[in-house]
Structures are given as C-alpha cells and as structure tokens.
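Letter by letter, the chains look like this.
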Amino acid sequence: EDQVTQSPEALRLQEGESSSLNCSYTVSGLRGLFWYRQDPGKGPEFLFTLYSAGEEKEKERLKATLTKKESFLHITAPKPEDSATYLCAVHTGGGNKLTFGTGTQLKVEL
Amino acid sequence: ETGVTQTPRHLVMGMTNKKSLKCEQHLGHNAMYWYKQSAKKPLELMFVYSLEERVENNSVPSRFSPECPNSSHLFLHLHTLQPEDSALYLCASSPRGEADTQYFGPGTRLTVL
C-alpha cells in the first residue's frame, strides 16, 4: 500500500529564516509527486509537479526537489504570507488516484 | 468564473435532510473528483469521473451519491448523513487523469447536526 509521510507536522519560523519541509514516500512505481499549498478553509492550491529523481522546480521563495525516496520543499527567506499548510501527494500505478500526506502546517512570524 | 467553483461554500444539515453539493470547472478538463478532508487526516478520494464515466468509487457509503451530467459539472447528493460526515468536501479536476495535475475548488464546509 502506498504511503506518504510529511514532516514536521508543524513548523514555526521567523521571517527570513530558511528551512525545508520533508515528504517521504513508499510507493510502487512513482508516476508523479505533487506539492500543494492550502490556506485555512480553502482548497489546495497547486505548486509543483515532479516526475523523476533529480528534478527540481522553483517558484518565488519555494524550491521543490525529488529523490527516489523523498521530496523536499525548501523555503528561502520566508515571509508571513507563506504561512499555510503544505501538502504532498503521489501518483502511482494506473488511474487517477493521488495519495496525500497529512501536511506540514507552517507559520512564519515577524 | 475561472478555475473550479463549488457551491454552497457552507452547509449545515440535519441527519434526515437531503442536500446536494455542486462543482463546476471552467478549465476544459475531462476528469473530475470528489475528496473529503477531515481534521488531522489526509485528503480521502471519494469518487473519480473521467469523460462523465465513474472510474473509481473508493468504498464510499451509499448515503453519498455522485452525479456527473457533463465534463464541466459534478454533483454530490447527500442523504441521511451522520455527524462524522462533517468535513470539508473538495472538488478537483484534471485534464485527462493518469498522473495529471489536479486543480481544486475552494470546498464546501459541511456540518451535520
């Protein structure tokens, strides 16, 4: 059974304090790994898709990387508006199913 | 309207009521999804439609009944719900399915009394 584990569950940073969120996965045949951002009471907002080990993608202060066992979401010099829950999901096998982790709740303080 | 929209945004219903959630996507996608999100739990896939045909029913109780009249609209009909069904219900769409990126709507916050 596919498993996705995100760590830490919660992270508190000072503005400008860079850090990384982890998404480790145990799957049979990864076909894609997805990062989403979710604000309270709202739907997940798509950030990145990674398909193969070694792939990296960047968007503003965020950079996602992928290895054969895990993905990292690096946040450089975060701002309070980066506060949200970050979700990781994997797509394996055939069909349309994504398996999600429970997310990392990030709070960036002034 | 752009992206994926959902109505209503909030719904309170009794256990004997019947209500429906509506989702509409304006992205020209062919696959649509219903997810349930409960506190401290991962998103749970409920149903998948591809080209208006249901392709996955993830062991969801029969008190939840999906309907996809065309590739732009998706409904979730609710009846005789339980308090534990209270959650955020999210709709998503993707171009085709098969490892496509899924784009989510804002969700409907459902409370069952």
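Refer to the structure presented above.
Residues numbered from 1 in each chain as written. Chains lettered and ligands numbered in written order. Predicted model: local features only at pLDDT ≥ 70, side-chain atom pairs only at ≥ 80, totals over all residues. Heavy atoms only, no water.

Draft legend 1. The sheet that holds strand β8 (residues 73–79) of chain B, seen in detail. All names here are of chain B. Read from one edge of the open sheet, four strands run β1-β3-β8-β7, paired in antiparallel fashion. Here the strands that pair on one side only, and so sit at the sheet edges, are β1 (4–7) and β7 (64–70). With strand direction ignored, the average angle separating the axes of adjacent strands in the sheet is 20°. The pairing of β7 with β8 spans five bridges and is antiparallel. Bridge pairing in β8 places Asn 70 opposite His 73. (Pairing = 2+ DSSP bridges. Helix = DSSP H or I, 4+ residues; strand = E, 2+ residues; numbered from the N terminus. Axes fitted to C-alpha atoms, helices over the stretch in contact; angles between N-to-C directions.)

Draft legend 2. Representation of the sheet that holds strand β1 (residues 3–7) of chain A. All names here are of chain A. Pairing within the open sheet is antiparallel, and its five strands lie in the order β1-β3-β8-β7-β6. The outermost strands of the open sheet, each flanked by one partner alone, are β1 and β6 (56–59). The average angle at which neighbouring strand axes cross in this sheet is 15°, direction not considered. One ladder, built from five bridges, connects β1 with strand β3 (residues 19–26); its direction is antiparallel. Note on β3: the bridge partner recorded for Ser 7 is Asn 22.

Draft legend 3. Molecular detail of the interface of chain B and chain A. Across the contact, 27 residues belong to chain B and 21 residues belong to chain A. Together chain B and chain A conceal approximately 1700 Å² of surface at their shared face, both sides included; 53% is due to carbon and sulfur atoms. Linking chain B with chain A are zero salt bridges. Our enumeration of links across chain B and chain A arrives at five residue pairs in polar contact (both at pLDDT 80 or more). Contributions of two or more residues to the side of chain B that touches chain A are made by β4 (31–37), β5 (44–50), β6 (53–57), β9 (87–94) and β10 (103–104) of chain B. Here the side of chain B that touches chain A gets four residues from one element, more than from any other, and that element is β4(B). Each residue belonging to the side of chain B that touches chain A can be placed in one class, and the counts come to 14 nonpolar, six polar and seven charged. (Contact = heavy atoms within 4.5 Å. Buried area = accessible area lost by both parts, 1.4 Å probe. Salt bridge = Lys/Arg side-chain N within 4 Å of Asp/Glu carboxyl O. Polar contact = N/O pair within 3.5 Å; in protein donor to acceptor, adjacent residues only side chain to side chain. Nonpolar A, V, L, I, M, F, W, Y, C, P; charged D, E, K, R; others polar.)

Draft legend 4. The pattern of salt bridges, seen in detail. Counted under the stated rule, the structure contains eight salt bridges over all chains. Between Arg12(A) and Glu109(A) there is a salt bridge, with its nearest N and O atoms 3.2 Å apart. Taken together, the residues Arg12(A) in strand β2 (residues 10–14) and Glu109(A) in strand β11 (residues 104–109) connect sequence positions 97 residues apart. Overall, Arg12(A) belongs to the exposed group, its relative accessible area being 57%. Between Asp85(B) and Arg63(B) there is a salt bridge, with the nearest N and O atoms lying 2.7 Å from each other. Residue Asp85(B) is located in the loop between β8 and β9, and its partner Arg63(B) is located in the loop between β6 and β7; the two are separated by 22 residues in the primary sequence. (Buried < 20%, exposed > 50% of the residue type's maximum accessible area, 1.4 Å probe, protein only.)

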